[in-house]
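Architecture and fold: a report
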Amino acid sequence: RVVANLRGFLSLFVVMSMQLITILAFGGAPLATARVCSSSTEDCSHTACCRDPGFKCYKKDNIFAGCRQLCTPGIDMRDQARFRTPWSCELVNASQPNCASDADNCIHLGCCRSKNHRCYMKTLSEAFCMVSKPPGWIGHEIISQRPKGDASLPDGSGDGGSDDNKPTPTTAAPTTMTPHPQWQGRLNSSHYWDCRGQSCDATHLRPWNERRFVSPPEYAPMDPQLFGGSVYGEKIWMLGALSDALSNMLGPDINNCGVDNGGGGGCGQCLIVRNYAADNHDWMAVVMKKNRCSPDYGGCKDGQRHLDVAVPGFANPAHRYGNFCGNPGTTLSNQQSDVCAGVEPRLCNCSLLPVHTPAMRRMRESCELFKAWGWRSSTPELYWRPVPCPDQFVEQVRLGAAFGPRGPTTVTFYHGGNADGPQKTTLRPTVGGPKGLPKVAWIAGGMTVVLPIIIVVTFSRRLLATDQFWRPHGFSRPQHSSDEESLMHAE
């Protein structure tokens, strides 16, 4: 018995010693999982390593770094025309992190080269390295975040790599898109539609113009069957605002769908979600990150996984202070944006949304599609797993498709109301005129009325002045004084 007790004590001592060694070695943190490295289509600003052997991470500018075998500073004609800007070609790795100088925009990088400087947000598209927050700025501190997963991989995980950009050899990912085999639960969720632009698009708007930073109608939920069909059996494609903790599980920015403006990534990455408490509990939806859920919002604080899905008519009344609906180019009024507030989503009366323009019809159809899912609560817990985004989904919302450098590409901006429709983005300011019509429009309308009257009056007076008018009717042309006749000819 003594020997047995001694053996038990020695076994316990060994286990406790190993735990102590682990704590001392890793500072109490859990053992690290496989690191995430970027593919050739992903941003490597935060991973600082590349998935493909022989590739290294090179900086292009402060909003993108890419994995390449070689890099020559300057313009690369192989880049798509709308992204053809100079490469700096600075090497990015663990010993040379991608951080911003004081004069550069740090909103995506979230780190500063100057010691004791921090990255503070000035606008939704700009942040700069300062000692303290300047007055008049938004002032949120942007902190660099490293991805902990990658939804573009079939299993949604990282695949190794090293700090010197020489990742361990891996088997190429299959071309078929197979979802992660394991559903994860307890993802808190809600919905929103405040008409503001999505944060992943902010740095694409040049120059920055808050009036043009609005969401296009193409960002409303979509039926995959209208775009070639579903990939995973999903019923809806949606855009969403993700907390940093959830976004970091999806990986770096990808698919040319924008740039995260919170020091991390995830823009253009997707997850598939399921609501087992919904009427149609077997429905699934693919949600792409297009927006960041700020840590200032209660449900998106540090470490919390949260998802808000963008649905017209489902604005969150608690955040009405940030509602931009009703402004030029927003399609819906402020009141229309939250017609579904206060009721279960499955009971929403989407017919309260107008349909007299193509964009408004799209809004109502999207509202009806989401309603059909049958959410019984506005804040359900969802089950989710990361998945590669369907190609046709990406095509609808990539930069330049619905949102370009001047804002939404299918919306007309003016101050007379909510104009929309398949028109190029043109700013038409209102100056006077009835019912707020643009100045050029009401002047043209007035001329169409006044000009015919002038022509008729002038022609009639000239006709009355000729003998050809009076003789056929048996009359003599009235005689005028020389002064009157001179005046008539002058007219």
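All of the points below concern the structure found in this document. (Residues numbered from 1 in each chain as written. Predicted model: local features only at pLDDT ≥ 70, side-chain atom pairs only at ≥ 80, totals over all residues. Heavy atoms only, no water.)

The next thing to look at is the sheet that holds strand E3 (residues 90–91). If you trace the three strands from one edge of the open sheet to the other, you get E2-E1-E3, paired in antiparallel fashion. Since the sheet does not close on itself, it has two edges, and those belong to strand E2 (64–68) and E3, each with one partner. As paired strands, strand E1 (residues 56–61) and E2 are joined by five bridges and run antiparallel to one another. In the strand pairing of E2, Lys59 is matched with Ala65. (Pairing = 2+ DSSP bridges. Helix = DSSP H or I, 4+ residues; strand = E, 2+ residues; numbered from the N terminus.)

A word on the environment of Arg274. With respect to the element layout, Arg274 can be found in strand E9 (residues 270–274). If we skip the residues at most four places from it in the chain, Arg274 touches Trp183, His281, Asp282, Trp283, Met284, Leu382 and Tyr383. Polar side-chain contacts of Arg274 include one of 3.4 Å to the backbone oxygen of Asp282. (Contact = heavy atoms within 4.5 Å. Polar contact = N/O pair within 3.5 Å; in protein donor to acceptor, adjacent residues only side chain to side chain.)

Here we take up the sheet that holds strand E7 (residues 184–192). Pairing between the strands of a sheet comes from backbone hydrogen bonds, and it takes one of two forms, parallel or antiparallel. With mixed pairing, six strands are arranged side by side around a closed barrel as E7-E11-E8-E10-E9-E12. When the angles between neighbouring strand axes are averaged without regard to direction, this sheet yields 50°. The pairing of strand E8 (residues 236–242) with strand E11 (residues 306–310) spans three bridges and is antiparallel. Across the sheet, Leu242 pairs through a bridge with Leu307, a residue of E11. (Axes fitted to C-alpha atoms, helices over the stretch in contact; angles between N-to-C directions.)

Time to look at the pairing of strand E4 (residues 118–123). Relative to strand E5 (residues 126–130), E4 is paired through five bridges, and the arrangement is antiparallel. Pairing of Tyr120 across the sheet is with Phe128, part of E5. Count of turn residues in the E4/E5 antiparallel hairpin: two residues. Bridge count for E4 against strand E6 (residues 141–142) is two bridges, and the pairing is antiparallel. Across the sheet, residue Cys119 finds its bridge partner in E6, namely Ile142.

A cis amide bond links Arg206 with the next residue in sequence, Pro207, at an omega value of -10°. You can see Pro207 is positioned in the loop between E7 and E8. Despite not being glycine, Cys195 has its phi angle at roughly 70°, a positive value. Although it is not a glycine, Asn256 sits at a positive phi angle of roughly 55°. Its place among the elements puts Asn256 in the loop between helix H2 (244–247) and E9. Asn256 gets classed as partly exposed once you look at its relative accessible area, which sits at 34%. (Buried < 20%, exposed > 50% of the residue type's maximum accessible area, 1.4 Å probe, protein only.)

Now for the pairing of E7. As paired elements, E7 and strand E12 (residues 381–387) share three bridges and run antiparallel to each other. Among the inter-strand pairings, Asn188 is bridged to a residue of E12, identified as Glu381. For E7 and E11, the ladder comprises five bridges, and the chain directions are parallel. Bridging across to E11, Ser190 finds its partner in Asp308.

Take it as geometry only, folks, not as evidence of what the structure does.
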